[in-house]
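Observations on the three-dimensional arrangement
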Amino acid sequence: MEMAPKKWINGFSRLSKAAQREWVAEQYGADSGQLIMRLAGFDHPDKRTQNGLDNFAENTIANFVMPLGIAPNFVIDGKTYAVPMAIEESSVVAAASAAAKYWGTRGGFKTTILGTTKVGQLFFEWDGKEALLREVLPQLSLKLLECSKPHTVNMDERGGGVKGITLHSFPELPNTFELRGTFDTRDSMGANFINTILECWGSSLPRVLKTCLEFNAKSAVEQLAPPRVLMGILSNYTPECVVRAEVCCHVNDMGQGAGGFTSWELSERFHQAVQLARVSPYRATTHNKGIFNGIDAVVIATGNDFRAVEACGHAYASRDGQYRSLSQSSIVDGQFKFWLDIPLALGTVGGLTKAHPLAAASLEVLGNPGAEELMRIVAATGLAQNFAAVRSLVTTGIQAGHMRMHLQNILTQLGAEDAKRPEAEAYFADKTVSVAGVRAWLEG
Ligand code: MEV
């Protein structure tokens, strides 16, 4: 038998948290005592809260802390919100706040829910003909729905549940089929609900399909092997769970951008930047990253799955075959309009939303919205973030703002006293900010 590689461990997950910390620190730490102290320094003083945090994942050796900021003055569909944002990048919250205020005095953000349908896929192999499956599909669907009834009653009562089942095949993969379920999961993100149903359909499929074929007296079916189920899983691509957020004002009301541009110049430069992000995938990626700066921050703050939201958003950005900006703009008859259509599969019940104390706090700050209201808030924040970034880019450039925040981070990193901050800001106002430069200034 081969020797285990160095630093290999069996049974790590069975060690206590203290023993896990010790092992990691001894094997990988530069100074093990110091590392253990650093990890322990972020323990929550309340044991129950700490226990809850530990149980979200496996092998948790510490709490990874991120700032939770607030972007106030978001007027969305006539209601004013203070939006919680969990993000580590300097200037994102400041930019969202500035854009919120700007649009708050120009009618605010308007949103429309374009759909709330979610999707799940059950894949299987079968040796029979697709036409035969299509023939029995209505009956097959009814029988599968009967099987999953015990799992859907509560959701049905809330007006959600399974909305349909369609059949799909793949020219590249003969004999491979997909039963695609569409779902309404109300205020939950719905991953567990959808996956439970799909697995239930998967285990029932061989029996149910046999019954349907027999009922339809398909004699040749006798010789066919039962379908071989491969897997059932929700799809994170939800192009029909989409919200639109938009802002609009007369070009004359756009105000002068920093950099001395007139409101018309500002509007046109902005529009040109959005057009570029529509046609250049290189630019679109950065442009959309700016949108997700805002979106992810609220998604994380409210205990939602940012990986799912990102994966879906980027797939959606490529829906016509080319990766494009998610936001669009127009200038028609003197009206400047800027909007974002974004798929957002979010929940405000279940998952981490209430279990994580800060997710629950963020939802409370938002007035405990339902999933649709949260979609509106998240989309508006993404649009605000995008507006702030593009406006900076086409006027002053983003480095001026970034560097101010960067200076603050360096001062923190170097342990500067708070009293030194205004002085440092004044000194570095017209200079390049670097760690070496700030250190020299502090020591000088
Ligand atoms: C930086 O985090 C985000 C931006 O690059 C977005 C953009 O370029 O639109 C400023």
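Above this text is the structure in question.
Overview of the structure. No experiment lies behind these values; they were computed from the predicted model shown.

Note: strand β3 (residues 110–113) against strand β8 (residues 242–250), four bridges, orientation antiparallel. Residue pairing for β8: T112 is matched across the bridge by R244. Alignment of β8 against strand β10 (residues 335–343), held across nine bridges, turns out to be antiparallel. Paired with V247 across the strands is F338, a residue of β10.

A few words on the nonpolar core. The biggest cluster of nonpolar side chains holds 59 residues, and the ones touching the most others in it are F74, I295 and L344. Here this core gets eleven residues from one element, more than from any other, and that element is helix α12 (residues 371–393). Aside from chain neighbours lying at most four places away, what touches F74 is K79, T80, Y81, V83, A96, A100, F109, A380, T381 and A384. The next biggest cluster of nonpolar side chains, apart from the first, holds 29 residues, and it includes L133, M155, F183 and L209.

On to the site of the ligand. Near the ligand the following residues occur: E89, R283, T286, H287, K289, G290, N293, A389, L393 and I398. Side-chain polar atom of E89 to an oxygen atom of the ligand: 2.6 Å apart, as the coordinates give it. Within the contact set of the ligand, an oxygen atom lies 2.9 Å away from a side-chain nitrogen or oxygen of N293. Protein contact buries 88% of the 300 Å² of open area that the ligand shows by itself. Structurally, the ligand is housed in the second largest pocket. Put simply, the parts of the chain that give the shell around the ligand at least two residues each are α8 (281–301) and α12.

Right, let's talk about the packing of aromatic side chains for a bit. Each aromatic ring pair is characterised by the separation of its centres together with the angle its planes make. Within the structure shown, the criterion is met by 18 aromatic pairs. Ring geometry for W23 and Y28: centres 5.9 Å apart, planes at 65°, overall edge-to-face. Ring geometry for F183 against F193: centres 6.3 Å apart, planes inclined by 85°, an arrangement best described as edge-to-face. With a gap of ten residues between them, F183 in strand β6 (residues 176–184) and F193 in helix α6 (residues 191–215) connect regions that are remote in the sequence. For the pair shown, F183 and F193 are each scored as buried.

Below, the discussion takes up helix α7 (residues 263–279). With 17 residues, α7 ought to run about 24 Å at 1.5 Å a step, and its terminal C-alpha atoms sit 25 Å apart, in line with that. Along α7, the positions that sit buried rather than exposed are S263, L266, S267, F270, A273, V274 and A277. When α7 is viewed along its axis, its buried side chains cluster within an angular range of 125° and face the same direction. In α7, the exposed positions angled more than 90 degrees off the buried face are occupied by Q272 and V279. Looking at the buried side of α7, the elements it contacts are α8, β9 (327–332), β10 and α12.

Okay, the sheet that holds strand β4 (residues 118–125) next. Spatially, β5-β6-β4-β7 is the arrangement adopted by the four strands of the open sheet, whose pairing is antiparallel. The open sheet is flanked by β5 (161–169) and β7 (228–235), the only strands paired with a single partner. Within the sheet, the average angular offset between the axes of one strand and its neighbour, ignoring direction, is 20°. Here β4 runs beside β7; their pairing, made up of seven bridges, is antiparallel. Bridge assignment links F124 to a residue of β7, and that residue is V229. Strand contacts of helix α5 (residues 130–157): β4, β5 and β6, with the helix running at about 150° to β5, the strand carrying the most contacts.

Under the counting rule described, the total for this entry stands at 19 salt bridges. Notably, a salt bridge pairs R180 with E178, separated by 2.7 Å at the nearest N-O pair. K337 is paired through a salt bridge with E246; the nearest N and O atoms lie 3.8 Å apart. Residue K337 is found in strand β10, and its partner E246 is found in strand β8; the two are separated by 91 residues along the sequence. Among the residues examined, K337 registers a relative accessible area of 29% and is labelled partly exposed.

Now for the state of the cysteines. Structurally, a disulfide amounts to a covalent bond that connects the sulfur atoms of two cysteines. Going through the model one piece at a time under the given rule, you end up with zero disulfides. Between C147, a cysteine without a disulfide, and C200, which holds the nearest cysteine sulfur, the sulfur-to-sulfur distance is 5.7 Å. Classification of C147 as partly exposed rests on a relative accessible area of 22%. Free cysteine: C212, not disulfide-bonded; nearest cysteine sulfur from C147 at 9.6 Å.

Take the layout of surface pockets next. What the largest pocket holds in volume is close to 1,200 Å³. Lining the largest pocket are 40 residues; nearest its centre among them are F56, I300, G303, L352 and H356. For the lining of the largest pocket, the elements supplying multiple residues, two or more each, are α3 (47–54), α6, α8, α9 (306–317), α10 (352–355) and α11 (357–365). The residue inventory of the lining of the largest pocket, partitioned by class, reads 21 nonpolar, 16 polar and three charged. A95, A388, A389, S392 and I398 are, among the 34 residues lining the second largest pocket, the residues nearest its centre. Counting residues per element, the ones that place at least two in the lining of the second largest pocket are α4 (92–104), α8, α12 and α13 (399–413). Among the residues making up the lining of the second largest pocket, the classes are represented as twelve nonpolar, 16 polar and six charged.

About the criteria used
- Residues numbered from 1 in each chain as written.
- Predicted model: local features only at pLDDT ≥ 70, side-chain atom pairs only at ≥ 80, totals over all residues.
- Heavy atoms only, no water.
- Pairing = 2+ DSSP bridges.
- Helix = DSSP H or I, 4+ residues; strand = E, 2+ residues; numbered from the N terminus.
- Core = buried A, V, L, I, M, F, W, Y, C linked by side-chain atoms within 4.5 Å.
- Buried < 20%, exposed > 50% of the residue type's maximum accessible area, 1.4 Å probe, protein only.
- Contact = heavy atoms within 4.5 Å.
- Near = heavy atom within 4 Å.
- Polar contact = N/O pair within 3.5 Å; in protein donor to acceptor, adjacent residues only side chain to side chain.
- Areas by Shrake-Rupley, 256 points an atom, 1.4 Å probe, with all protein chains shown as cover.
- 1 Å grid on protein atoms, 1.4 Å probe; cavity = no way out; pocket = protein on both sides within 12 Å on 5 of 7 lines; lining within 4 Å.
- Sits in = over half its atoms within 2 Å of the grid points.
- Phe/Tyr/Trp six-rings, centres within 6.5 Å; stacked < 30°, edge-to-face > 60°.
- Expected span 1.5 Å × (residues − 1).
- Arc of directions from axis to C-beta.
- Axes fitted to C-alpha atoms, helices over the stretch in contact; angles between N-to-C directions.
- Salt bridge = Lys/Arg side-chain N within 4 Å of Asp/Glu carboxyl O.
- Disulfide = S-S within 2.5 Å.
- Points joined across faces, edges and corners; volume = space filled by probe spheres on them.
- Nonpolar A, V, L, I, M, F, W, Y, C, P; charged D, E, K, R; others polar.

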